[in-house]
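As a plain string of letters, each chain reads:
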Amino acid sequence: MTFLLVGAGQSTGGVLTDPSLPVDDVDAEINAGALGFGHSFGLFGRLATVAIAQPYLDAQFTGTLDGEPAEATRSGIADTKLRFSVNLLGNPAMSPAEFAKRKPVTTIGASLSVSAPTGEYRGDRLINVGTNRWAFKPEIGVSHPVGRWILEGAVGVWLFEDNPDFFGGRHREQDPMASLQAHVSYTFRPRLWLSFDATYYDGGESTVDGIAKDDRQSNSRYGLTLSLPVARSQSLKLYWNDGATTRIGSDFSTYGIAWQYTRIR
């Protein structure tokens, strides 16, 4: 299967900044667009998928600088996202006919997500579209069918490379950040389903020029995803998510829509 994805979304809320900087109460309205492409294939008899997505961001920020109101606008290409996943146990690689006749079973899989530093970045700016560093997220997940319901869970960890050109030419490091995800979805009919989503992440404290910052994250978020078939090979996905409990950096809401075209051979 090959699929093409075009999406757009908006996020509004608080932004996490370096606590040592004279910037406070930063809020943002971020409009995002993304183009994605993916392909599934057989790998030693197991189902595998590769995907790539390129976001574009247009954002407006407001806050205070040295106690005075300030604002900034940023737009441009953000960091490229890549992902490879493979089933380890459960559904093997199948032809479309075999897939249509299959009986859903418990599946365990693993993935590796990569964020490449391709986004626009300037070291003399505190807020950028890009991050100027690589990031990697190995993850393992399980999916269990119960009639029309599907229960899913995943555990992973983000690993960050250093940013040697952080604001003002400083060196920024960040600790790993663990993540937990849970999804409960109900399928009304093929490509028409509704999912409740929840995630929790913890860690990610940063160090700038050897000085540790009090910016460890310990946040949970929840949301909904609705998939709607619009044609034989096309579907729309509507999604929303919000912060549930927030220590720092996750006090924002996101709404979005994505169109997906799928080609099965």
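The sections below set out a description of the structure shown in this document.

The rules we used
- Residues numbered from 1 in each chain as written.
- Predicted model: local features only at pLDDT ≥ 70, side-chain atom pairs only at ≥ 80, totals over all residues.
- Heavy atoms only, no water.
- Patch = residues over 30% accessible without salt bridge, like charges linked within 9 Å, V, L, I, M, F, W, Y side chains within 5 Å.
- Areas by Shrake-Rupley, 256 points an atom, 1.4 Å probe, with all protein chains shown as cover.
- Salt bridge = Lys/Arg side-chain N within 4 Å of Asp/Glu carboxyl O.
- Helix = DSSP H or I, 4+ residues; strand = E, 2+ residues; numbered from the N terminus.
- Buried < 20%, exposed > 50% of the residue type's maximum accessible area, 1.4 Å probe, protein only.
- Polar contact = N/O pair within 3.5 Å; in protein donor to acceptor, adjacent residues only side chain to side chain.
- Contact = heavy atoms within 4.5 Å.
- Pairing = 2+ DSSP bridges.

Attention now moves to a nonpolar patch on the surface. A contiguous nonpolar surface patch, about 760 Å² in accessible area, is contributed by Val146, Trp149, Leu151, Val184, Phe188, Leu194, Phe196, Tyr222 and Leu224. Of all elements in the fold, only strand 8 (149-160), strand 11 (177-189), strand 12 (192-203) and strand 15 (217-231) reach the threshold of two or more residues within the nonpolar patch. One can find Leu194 in strand 12. You can call Leu194 partly exposed: its relative accessible area is 37%.

Moving on, we get to the side chain of Thr262. Secondary-structure assignment places Thr262 in strand 17 (residues 252-263). A polar contact of 3.2 Å, which involves the side chain of Thr262, links it to the side chain of Gln260. Filtering out sequence-adjacent residues up to four positions away, Thr262 remains in contact with Met1, Thr2, Phe3 and Ser233.

With that out of the way, let us pick up the sheet that holds strand 10 (residues 170-174). Taken in spatial order, the 4 strands line up as 9-10-13-14 in an open sheet, and their pairing is antiparallel. The open sheet has two edge strands, strand 9 (163-166) and strand 14 (211-212), and neither has a second partner. In this structure, strand 13 (residues 206-208) lies alongside strand 14, joined through 2 bridges in antiparallel fashion. Looking at strand 14, one finds that Thr207 is bridged to Ala212.

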